[in-house]
Amino acid sequence: MNLSAKVYVAGHQGLVGSALMRLLLAGGYTNLLVRTHQELDLTNQRAVQDFFASERPEYVFLAAARVGGILANSTYPGEFICQNLLIQTHVIDQAYRTGVKRLLFLGSSCIYPRHSPQPMKEEYLLTGTLEPTNRPYAVAKISGIEMCWSYNRQYGTRFIVAMPTNLYGLGDHYDLRDSHVLPALIRKMHEAGVDGADRVVIWGTGTPRREFLYSDDAADACIFLMNLPNDKLDPIIVDNGLPPILNVGCGEDLTINELSGLVANVTGFKKKLVFDNSKPDGTPQKLLDINRLTALGWKARTSLRDGLTKTYEDFLKRHAVNIDWRRPPVASWM
């Protein structure tokens, strides 16, 4: 991407979108295009058509999505599948129709089967049953992957999909109704420490294994992929029986029990951690095979402890004082 090229970051206020903005600005990109949800509703087809027709971005990072953890997915399944299908369909289609040079669609590791072999390779897509607790979201993301792949085959577009593992970082979402496991743990342990509680209750058995990637590392990988020379990108784009997807992760995982102990250490919570076995665990293990990405020359830079320390410092700065936790659910595209 030329530094002066018009780059549209859809979902620029979300976890990955805001990280993309930080890195693009730091990298010297001078023509970034953004809209808030109030300015542009991506679920509105006509609004998206008008936006692309008037602005004509050259590159698109599609990081806008309705996101959340197990509770949010279980509570709002209709919103998760409908809103994500609408957002990605409108943006991907208009990117093709207005001649966008490259589009990067942000997927999710939940697209892989619940009992997928570990670590999960890109070719494991659609080889087994999905995890029931986030199936609507996963089906929407799989549809976005298929759409990018189909447009590449039929129209010659250069649309690529980054498949990140579990993400966390600056500006994360801490509402316990909607947040993922790591920000939920940060908030629970911080509040327990402030309140002098003698324990923190954590959903599930603590045995599932998860991989975590700092959001700025995920954004760095997305920019790296968008800047691949054609001779490196085309083998990914060309239809060789494999969708144009690349796993993005750090290559290491840990149990929720181990993660909880690390979060307790970072937040300074020294009391008891209790696991509620009556609550669902979700997928037993989610570890990505990142060999395709590392072979291209990219790897994560931030350790989990360093990333958690930065994230907790950001939480204290943004949320620990005078925050209203009763606000309505927030999606990254808002």
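Fair warning: this is a prediction, and the values are worked out from it, not measured in the lab.

As a further point, take the overall build of the protein. Helix and strand counts for the protein stand at 11 helices and 13 strands. For the protein, whose C-alpha radius of gyration is 19 Å, the value lies close to the compact-globule estimate of 20 Å for 334 residues. If you line up the protein on its principal axes, its C-alpha atoms span 60 × 45 × 35 Å. Taken across its 334 residues, the protein has 54% of its residues classed as buried. When contacts within the protein are restricted to residue pairs at least 6 apart in sequence, those whose partners lie at least 24 apart make up 83%. Within the structure as shown, the protein displays about 14200 Å² of accessible surface, and the carbon and sulfur contribution to it stands at 50%. Of the side chains in the protein, 36 bear a positive and 34 a negative charge, and the two mean positions are spaced by 1 Å.

Right, let's get into unusual backbone geometry. Between glutamine 118 and the following residue, proline 119, the backbone shows a cis peptide bond with an omega angle of -10°. Considering the arrangement of structural elements, one finds proline 119 in the loop between β4 (102–106) and α5 (135–155). A positive phi angle is found at arginine 56, which is not glycine, with a value near 50°. Exposure remark for arginine 56: the relative accessible area of 46% places this residue in the partly exposed category.

With that settled, the discussion passes to the packing of helix α6 (residues 181–195) against helix α11 (residues 304–318). The interhelical angle for the contact between α6 and α11, taken along N-to-C directions, is 60°, at an axis separation of 11 Å. Put simply, α6 runs oblique to α11. In this structure, α6 meets α11 at a crossing whose hand is right-handed. In this structure, α6 uses Leu182, Ile186, Arg187 and His190 to contact α11, whose residues at the interface are Leu304, Leu308, Thr311, Tyr312, Phe315 and Leu316. The residue makeup of the contact of α6 with α11, split by class, is 7 nonpolar, 2 polar and 1 charged.

Our next topic: the pattern of salt bridges. For the structure on display, the rule yields 14 salt bridges. Two residues, glutamate 55 and arginine 35, come together in a salt bridge whose shortest N-O distance is 2.8 Å. With a gap of 20 residues between them, glutamate 55 in helix α2 (residues 45–55) and arginine 35 in the loop between β2 (32–33) and α2 connect regions that are remote in the sequence. Look at arginine 35 and you get partly exposed, because its relative accessible area is 28%. In this structure, lysine 101 and glutamate 58 form a salt bridge, with 3.0 Å as the shortest nitrogen-oxygen distance. Of this pair, lysine 101 sits in the loop between α4 (77–97) and β4 while glutamate 58 sits in the loop between α2 and β3 (59–62), and the two are 43 residues apart along the sequence.

We now examine the sheet that holds β4. Adjacent strands of a sheet pair through backbone hydrogen bonds, lying either parallel or antiparallel. Spatial ordering of the open sheet is given by β2-β1-β3-β4-β5-β10, a layout of 6 strands whose pairing is parallel. Whereas interior strands pair on both sides, the edge strands pair on one side only; in this sheet they are β2 and β10 (245–248). One ladder, built from 4 bridges, connects strand β5 (residues 159–164) with β10; its direction is parallel. Along β10, the bridge assignment pairs methionine 163 with asparagine 247. In this fold helix α1 (residues 15–26) packs onto β1 (7–10), β2, β3 and β4, with an angle of close to 155° to the strand it touches most, β1. Contacts between α4 and the sheet are confined to β3, β4 and β5, with β3 contributing the most and set at about 170° to the helix.

Residues spaced three or four apart along an α-helix point in a common direction, a consequence of the helix completing one turn every 3.6 residues. The terminal C-alpha atoms of α6, which comprises 15 residues, lie 21 Å apart, in line with the 21 Å expected from a rise of 1.5 Å per residue. Where the residues of α6 are buried, they touch β6 (166–168), β7 (199–203), β9 (212–214), α9 (256–267), β12 (272–276) and α11. Glycine 196 sits one or two residues past α6 and shows a positive phi near 75°.

For the rest of this paragraph, the subject is the confidence of the model for the protein. Summing up the model confidence of the protein, the mean pLDDT is 92 and the portion of residues at 70 or higher is 95%. Note that residues 322–334 has pLDDT below 50 and, in this model, 39 contacts with residues that lie over four places away or in other chains.

This next bit is on the side chain of aspartate 217. Residue position: aspartate 217 is located in helix α7 (residues 215–226). Buried within the structure, aspartate 217 lacks any salt-bridge partner; arginine 301 is the closest side chain of opposite charge, at an N-O distance of 5.7 Å. In this view, aspartate 217 contacts Trp298, Ala300, Arg301 and Thr302; residues no more than four positions away in its chain are not counted.

A word on the layout of surface pockets. The rolling of a water-molecule-sized probe over the atoms marks out the regions of remaining empty space. Computed from the structure, the second largest pocket encloses a volume of approximately 180 Å³. Around the second largest pocket sit 13 residues that line it, and Phe212, Cys250, Glu252, Ser303 and Leu304 are the ones nearest its centre. With 3 residues, β9 is the single largest residue contributor to the lining of the second largest pocket. Of the residues contributing to the lining of the second largest pocket, the split by class is 7 nonpolar, 2 polar and 4 charged.

Of note, aspartate 93 is situated in helix α4. Residue classification places aspartate 93 among the buried positions, given a relative accessible area of 12%. On a C-alpha basis, the gap between aspartate 93 and tryptophan 203 in space is 39 Å, while along the polypeptide they are 110 residues apart. For aspartate 93, the residues in contact, after removing those within four places along its chain, are Met147 and Tyr151. Engagement of the side chain of aspartate 93 in a polar contact is seen with the side chain of tyrosine 151, the distance being 2.7 Å.

Thresholds applied
- Residues numbered from 1 in each chain as written.
- Predicted model: local features only at pLDDT ≥ 70, side-chain atom pairs only at ≥ 80, totals over all residues.
- Heavy atoms only, no water.
- Helix = DSSP H or I, 4+ residues; strand = E, 2+ residues; numbered from the N terminus.
- Rg over C-alpha atoms; globule rule 2.2 N^0.38 Å.
- Buried < 20%, exposed > 50% of the residue type's maximum accessible area, 1.4 Å probe, protein only.
- Contact = heavy atoms within 4.5 Å.
- Areas by Shrake-Rupley, 256 points an atom, 1.4 Å probe, with all protein chains shown as cover.
- Lys, Arg positive; Asp, Glu negative; His and termini not counted.
- Charge placed at Lys NZ, Arg CZ, Asp CG, Glu CD.
- Axes fitted to C-alpha atoms, helices over the stretch in contact; angles between N-to-C directions.
- Parallel < 35°, antiparallel > 145°, perpendicular 65-115°, else oblique.
- Left-handed = near helix turned anticlockwise from the far one by under 90°.
- Nonpolar A, V, L, I, M, F, W, Y, C, P; charged D, E, K, R; others polar.
- Salt bridge = Lys/Arg side-chain N within 4 Å of Asp/Glu carboxyl O.
- Pairing = 2+ DSSP bridges.
- Expected span 1.5 Å × (residues − 1).
- pLDDT = per-residue confidence, 0-100.
- 1 Å grid on protein atoms, 1.4 Å probe; cavity = no way out; pocket = protein on both sides within 12 Å on 5 of 7 lines; lining within 4 Å.
- Points joined across faces, edges and corners; volume = space filled by probe spheres on them.
- Polar contact = N/O pair within 3.5 Å; in protein donor to acceptor, adjacent residues only side chain to side chain.

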